[in-house]
Each structure stands twice: as C-alpha cells, then as structure tokens.
Amino acid sequence: MELGEILRLAAGRTPEKTAIIADGRRLDFGEYDRLANRLANFLIARGVGPGDRIATVLFNSPEYGVVHFGNARAGSVLVHIPPLYAAAEIAEIVERTRPRLLVVDAAVQDRIGAKVRSVVSTVMVAGSPDFEAALATVSDRPPDLKVDPSAPVAMTFTGGTTGRPKGAVVSHTARYVSADSTAREHQVTERDVVGAVVPMFHAVGLMIWYQAAILRGCTSVIFRRWDPAEFIAATERHGISSVFLVPVQVRDLLRSPAFNGERLASLKNIGVGGAPTPAGLIEECRGALPHCGYTDHYGQSETGPLTILKPSDTEAHPGTVGRAAEGVELRIVDGDGNPVPPGTVGELVTRGPYMMEGYFGDEEETARYFRGGWGWTGDLGRADESGYVTLVGRSREIIISGGFNIHPSEVETALASHPAVEDCTVFGVPDDRWGEAPVATVVRAAEISGDDLIAHCAERLARYKRPREIVFVTTIPRTPSGKVRKPLLRNAYLKG
C-alpha cells in the first residue's frame, strides 16, 4: 500500500475524529488529510517528482506528519535528518542527498548555514506563517498522481562503518508492512489513544509506531520532548492507553518523582524497543503498573520489527526478545550462512517485504548487509527450541545509547580531525541511564585537555555521540594485523 493511503483511509472512516493532540492544538482526520494533500500539491507545483528528495530537520510536531504523508503522496523521498545533529552533520547529509526542499524546526534555524542553503533552493520553517501561507496557495484535493508502492519513500540514518551515518532507503510497501505488523503485535485498535513520544526522525517513532496508530485510526498525543511528569499529566488528561518508549524512558517514568499509578490507570500497553531492555526492568514495570502490559520489540531501521515478546510471555521467557513477529522470516546462522541448532550463538539474518532497498549512494555497505538473499543484522543471538531469541552481542561495533546507534568510527573521525590527536579509538561502556555510552582513548600529539576535545566533538557531532570521557594513553594496543584491541581497552577501563 502507498503510505499516503493510510491517512486517507482513516480520514474516510472517521473524518471528524481527533487525529492529533499537540501543544493545545487539535486536528481531526479530515483536516489532517487535507493538509497532507496541500503539502503534496505544493511539492508537485514546485516540480518535485517521483524519486526526488526533500528533507526535514524536525522535532515531533503535527507538521512532521503532514510533511511525511504529503511526501508519500507526491512520490518523493523524505530524508529524515535528526534535529539533534550538529550543523556540520546536517550540512554533510544535505550535501550527500541534495534535497529539493528542506523543512526545519524553528529551534534549529541557527544550524542551517550558507553551505546548506547553497544546496537547497527552498528552506521552510514548519508551522511558521510563511509555511502555512505556502500551503494555502494550493488545492487540498488529492493530487492526480499514481504512486508505485514499491518505490522509495523515506531515508533514515544509522551508524556506518566508514565514519559517517548510512541512509537506509525504504519503500512504501516495506513501511506499510512494518506498521501493519506493529499494530497487530501490539494489539493497537481504533479505540486506543496513542502516545507519540519516541522521536519521529527515528524509524521506530514515525514509520513503525506512529503509522500503526494512523493505520488503526487512533487519536495520537504528540510530545515534542520527553518529560515523565508531562507524560503522566497528559495520560491522565487524554486517557492515553498505548505508548512506545525506549528502555531509558520506561525507567525515567517509573522512577520519576511525579509517578503515580492511579494517574496512569488508562495505560494498557507499553511497547518498548530501540535498545535492549535491561535486566529487571520488566519486573519493575509489572510491579509498578500491574494493570499494564509490557511488549518488548527488537528490530532495525533497515527492517522494522523482527521479534515480539508479548506481555503473556515476559515471565515464562525472561531475558529474551521474544519470537519472530508475524510475517517475519528470521534465522540464526554461522559465518557461512548455515542455520545453527537451538542454543547455539550465531548472527540473526532476515528477509521479507519489510526490508530496506539499500543504503543511499553506498553500494559497498549495501552489499555487506545483503548476502545470499538475506539481510545480515550484525546482531548475535541464540534461540531456544520454541524460537524465543536471546541477544548476546553484536558482530559489529555499534554502540546503542538511549535507543540511538553510534558507530565508533564516526566519533573517531571527529576526534582525529583535531591536530593535537595522534591516535584514538572509541568503545562503548555500560551506562545506568542510557544503556551504553561512548568513551574515547586518545594518544596526544600536543597538550590538550579532555574537555577541549569533547568541545571539539560538539562542533561536529550530535550530543548523544560525544564521548562521555576522554582517557589519555601513551599508545593504543593493536593486533599484529593492526586492528585495535578494543576489548582489552574496554576491560581495562571498566576495571578502573
């Protein structure tokens, strides 16, 4: 299904039902649908056609959904640039993807510099009078355009092995399948009031969870930022019954001074993903909110949801991420791609209509991900006789911090650009709040402090990618082939 149809069908069923609640604003499905039409017609009038790219640098907002569905109806490809990115990161993504239009949040305008404006002919501020006036100049009727459901519709970014994020390109069909799977596995119905908390620039926030809510015709309460007290108040006020969070947000909620189980009485299901659930968190949630289910979810930007651990399985299969979601083909294999027996550790591979098309402009990374007709996730795990999967590590060096992927090479590139750095390496360490955090080991070529190096990274990297700590050493240990011995450094750091 073409993604724009998800909203059109919901509007056709219940046009006067509230679709969005955000910052005191309400939009019904009929109005929401017409705004998406206006955005699509605006793009088409400016010559944006199928396969052309537009981009966003937005926090969660009603405008994000308008641009997303309008883009789908115009046949263009929406490049989701995280608003957490530094100005240099935004400029690098824009230079690579060359979007025809850029829609930005007012809070990030100061990061849209001359380099970006030299590439993008039109930069619009979402929700501004100019933005609203531009949409008012075009029709709110559906555009006269047939969109191919197998065509690309969006691009989200994840950690890369080359020191820069990879753009995972997905089709209408892939993300429709993911939204449908999520709606069914999380038991989302039209009666739900859904909390849209996870950032929409993250694949799970928009193209999996939020689209599932639109597919079912739910009212969605959109949160611009995560604040446990604000979420509790909104749940009590609007009757939020289902929400998707990353583990750090679940922990924040349960341990917030504002926590009150009675104020969260309407909440029936918490869906969780984006990072591994820490030991004991499900039990803590069950004790604090006994009326509320905890549905764990494992997947990737490249795939959508792959496994589901349902609330009824959390006690019988603790420590697992559940079984393959409905419609998902999943195997655990050895290095040659041969399935391994139950209980044996191997790499998770998958294939199906939910898979990405590939990494934008990067045939080498695409070929590394797709081998033998399967997508190799880079995650290591084992399955029991009943198919319940336990993740045990990663074959690649991705650090997952607060649900965001960080590749060490990207941070290493930023550090190495400083003339006082002779050599460096970055690895992840456990963090009570974020799950993992990056730490850098640096050999100095000249005198410099750790704070100065972190400030240097701040000019080039999003906050969540910056090293939590810089450890200065005289040499970085390597194998005879020249590979950095990161486990040795990591273990030494953890031992103090």
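Residues numbered from 1 in each chain as written. Predicted model: local features only at pLDDT ≥ 70, side-chain atom pairs only at ≥ 80, totals over all residues. Heavy atoms only, no water.

J.: Give a description of the overall build of the protein that names residues and reports values.
T.: The number of helices and strands found in the protein is 15 helices and 26 strands. Its C-alpha atoms give the protein a radius of gyration of 22 Å, within 12% of the compact-globule value 23 Å for 496 residues. Buried residues in the protein amount to 56% of all 496 residues. Look at the contacts in the protein between residues 6 or more apart in sequence, and 68% of them connect residues 24 or more apart. Accessible surface, the protein as shown: approximately 20000 Å² in total, 49% of it carbon and sulfur. With 54 positive and 60 negative side-chain charges, the protein shows a separation of 1 Å between the mean positions of the two kinds. (Helix = DSSP H or I, 4+ residues; strand = E, 2+ residues; numbered from the N terminus. Rg over C-alpha atoms; globule rule 2.2 N^0.38 Å. Buried < 20%, exposed > 50% of the residue type's maximum accessible area, 1.4 Å probe, protein only. Contact = heavy atoms within 4.5 Å. Areas by Shrake-Rupley, 256 points an atom, 1.4 Å probe, with all protein chains shown as cover. Lys, Arg positive; Asp, Glu negative; His and termini not counted. Charge placed at Lys NZ, Arg CZ, Asp CG, Glu CD.)

J.: Tell me what's going on with the pairing of strand E3 (residues 53-57), and back it up with residues and numbers.
T.: The buried count for E3 comes to four of five residues, which makes it a mostly enclosed element. One ladder, built from four bridges, connects E3 with strand E4 (residues 77-80); its direction is parallel. When the bridges of E4 are listed, Ala55 appears paired with Val79. The parallel pair E3 and E4 is bridged by helix H3 (residues 62-74), and the resulting crossover is right-handed. Summarising the sheet, E3 and strand E5 (residues 101-104) pair through three bridges and their orientation is parallel. Each bridged residue has a counterpart across the sheet, and for Val57 the counterpart in E5 is Val104. (Pairing = 2+ DSSP bridges. Right-handed = clockwise from strand over helix to strand, strands pointing away.)

J.: Outline the sheet that holds E3, listing residues and values.
T.: Taken together, seven strands build an open sheet; the order of strands is E6-E5-E3-E4-E7-E8-E18 and the sheet is mixed. Edge positions in the open sheet fall to strand E6 (122-125) and strand E18 (358-359), since each of these has one partner strand only. Both E5 and E6 contribute to a ladder of four bridges, which runs parallel. The residue of E6 that forms the bridge with Val104 is Val125.

J.: Please provide a residue-by-residue account of the packing of aromatic side chains, values included.
T.: We describe a pair of aromatic rings using the distance from one ring centre to the other and the angle between the two ring planes. Counted by the stated rule, this structure contains nine aromatic pairs. Aromatic pair Trp209 and Phe244: ring centres 5.6 Å apart, planes at 45°, arrangement tilted. Of the two residues, Trp209 is situated in helix H8 (residues 203-216) and Phe244 in strand E11 (residues 242-245); the sequence distance between them amounts to 35 residues. Judged by relative accessible area, which is 3%, Trp209 ranks as buried. The interplanar angle of 45° and the centroid separation of 5.8 Å between the aromatic rings of Trp226 and Phe231 together place this pair among those described as tilted. (Phe/Tyr/Trp six-rings, centres within 6.5 Å; stacked < 30°, edge-to-face > 60°.)

J.: So what's going on with the nonpolar core? Residues and values would help.
T.: Counting 105 residues, the largest nonpolar core has Tyr32, Ile81, Tyr210 and Leu415 as the members making the most contacts within it. With residues up to four places along the chain from it excluded, the contact list for Tyr32 reads Leu7, Ala19, Ile20, Pro62, Gly65, Val66, Phe69, Tyr210 and Ile214. Core analysis: the second largest hydrophobic core is formed by 27 residues, Val221, Ile240, Leu267 and Val272 among them. (Core = buried A, V, L, I, M, F, W, Y, C linked by side-chain atoms within 4.5 Å.)

J.: Run through the packing of helix H7 (residues 172-185) against H8, naming residues and quoting values.
T.: Between H7 and H8, the least distance of the axes is 8 Å, while the angle of their chain directions is 75°. Relative to H8, H7 is oriented roughly perpendicular. Contacts between H7 and H8 involve Arg175, Tyr176, Ser178, Ala179, Asp180, Thr182, Ala183 and Arg184 from the first element and Met207, Ile208, Trp209, Gln211, Ala212, Leu215 and Arg216 from the second. Grouping the constituent residues of the contact of H7 with H8 by class yields eight nonpolar, three polar and four charged. (Axes fitted to C-alpha atoms, helices over the stretch in contact; angles between N-to-C directions. Parallel < 35°, antiparallel > 145°, perpendicular 65-115°, else oblique. Nonpolar A, V, L, I, M, F, W, Y, C, P; charged D, E, K, R; others polar.)

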